[in-house]
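# Topology and contacts: notes
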Amino acid sequence: MVLALVLPLPILYEIVMDQLQQPPIWVFEISGYAIIMIGFCASGYGLNTGHHFRLRILAQMHPRLESPLARLSGCFELIFGMILLASGWNQAHAAFAQNLLSNTLLQVPQFWPELALPVGGIAIATQGLAHILAPRVLGQ
């Protein structure tokens, strides 16, 4: 949430500095990383509020199955979140171990933006667990 509120400030700074013929080199890259982090962090929120892609064909055809199907969906969310957490952490750790840097003037250590993957995995897995424990039925 804080990233989304602060993100316009460096972009505004870049606009002003461009007009003064002194464009900064860091704004585009850093704002791109911030947008990626916002997207992964918001994934759990999207699952929590229902603002994500969802098929309800079986639940509409068989209303008694809505709760078990919601739990099954939570299981898939938990599994996907755990996979994203593990593989994202492995990728970020490898970037840290190899001291990978971006191919830009800033040469940002790639470990930092790649941490968005395991953070998103934690958010998705946590929300999946919540859906397993308390399935969200839309009719309620």
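As a starting point, this report considers the structure included with it. Since this is a predicted model, take the numbers as computed values, not measurements.

What counts, and at which threshold
- Residues numbered from 1 in each chain as written.
- Predicted model: local features only at pLDDT ≥ 70, side-chain atom pairs only at ≥ 80, totals over all residues.
- Heavy atoms only, no water.
- Helix = DSSP H or I, 4+ residues; strand = E, 2+ residues; numbered from the N terminus.
- Expected span 1.5 Å × (residues − 1).
- Patch = residues over 30% accessible without salt bridge, like charges linked within 9 Å, V, L, I, M, F, W, Y side chains within 5 Å.
- Areas by Shrake-Rupley, 256 points an atom, 1.4 Å probe, with all protein chains shown as cover.
- Salt bridge = Lys/Arg side-chain N within 4 Å of Asp/Glu carboxyl O.
- Buried < 20%, exposed > 50% of the residue type's maximum accessible area, 1.4 Å probe, protein only.
- Phe/Tyr/Trp six-rings, centres within 6.5 Å; stacked < 30°, edge-to-face > 60°.
- Axes fitted to C-alpha atoms, helices over the stretch in contact; angles between N-to-C directions.
- Parallel < 35°, antiparallel > 145°, perpendicular 65-115°, else oblique.
- Left-handed = near helix turned anticlockwise from the far one by under 90°.
- Nonpolar A, V, L, I, M, F, W, Y, C, P; charged D, E, K, R; others polar.
- Contact = heavy atoms within 4.5 Å.
- Bend = angle between axes of the 7 residues up to and from the residue.

Turning to helix α2 (residues 8–19), a few remarks are in order. Along its 12 residues, α2 runs 17 Å from first to last C-alpha, staying within 8% of the 16 Å computed at 1.5 Å per residue. Directly beyond the C-terminal end of α2, a positive phi value near 65° is found at Q21.

A word on a nonpolar patch on the surface. The grouping of Y13, I25, W26, I30 and L105 at the surface amounts to a nonpolar patch, some 510 Å² of accessible area in total. The topology assignment puts L105 in the loop between α5 (66–97) and α6 (111–114). The class of L105 is exposed, set by a relative accessible area of 70%.

Moving on, we come to the packing of aromatic side chains. Throughout the structure, instances matching the rule amount to four aromatic pairs. Centroid distance F111 to W112: 5.2 Å. Interplanar angle 75°. Geometry classified as edge-to-face. Residue classification places F111 among the buried residues on the basis of a relative accessible area of 14%. Relative accessible area serves as the criterion here: at 54%, W112 is assigned to the exposed category. Through a chain of ring-to-ring contacts, three or more aromatic side chains come together here, namely W89, F96, F111 and W112.

Two elements in contact, α5 and helix α7 (residues 116–133), have axes whose closest approach is 7 Å; the angle formed by their N-to-C orientations is 160°. When the axis of α5 is compared with that of α7, the two are roughly antiparallel. For the crossing formed where α5 meets α7, the hand is left-handed. Class assignment for the residues of the contact of α5 with α7 results in 16 nonpolar, nine polar and two charged.

Turning our attention to the packing of helix α3 (residues 27–49) against α7. Between α3 and α7, the least distance of the axes is 8 Å, while the angle of their chain directions is 0°. As summarised for this structure, α3 and α7 are arranged roughly parallel, according to the angle between their axes. Here α3 contributes I36, M37, F40, C41, S43, G44, L47 and N48 to the contact with α7, which in turn contributes A116, L117, V119, G120, A123, I124, Q127 and H131. Partitioned by chemical class, the residues of the contact of α3 with α7 number 10 nonpolar, six polar and no charged.

Right, let's talk about the side chain of E77 for a bit. Along the chain, the position of E77 falls in helix α5. Dropping the residues within four chain positions of it, E77 is found in contact with L47, I124, A125, Q127, G128 and H131.

A word on unusual backbone geometry. With a phi angle near 55°, N99 is a residue other than glycine that sits in the positive phi range. Residue position: N99 is located in the loop between α5 and α6. Its relative accessible area of 52% is what places N99 among the exposed residues. Even without being glycine, Q107 reaches a positive phi, approximately 50°. As for its placement among the helices and strands, Q107 is situated in the loop between α5 and α6.

Given 3.6 residues per turn, any residue in an α-helix points the same way as the ones three and four places further on. Here α3 is 23 residues long and its end C-alpha atoms lie 32 Å apart, about the 33 Å a rise of 1.5 Å per residue gives. At A42, α3 is bent by approximately 35°, the largest bend along its length. Listed as buried for α3 are V27, E29, S31, A34, M37, S43, G44, G46 and L47. Of the surrounding elements, those touching the buried residues of α3 are α1 (2–6), α2, α5, α6 and α7. Directly after α3, the chain includes G50, whose backbone phi takes a positive value near 85°.

Note that every value here comes from positions in space, so none of it alone points to a role or purpose.
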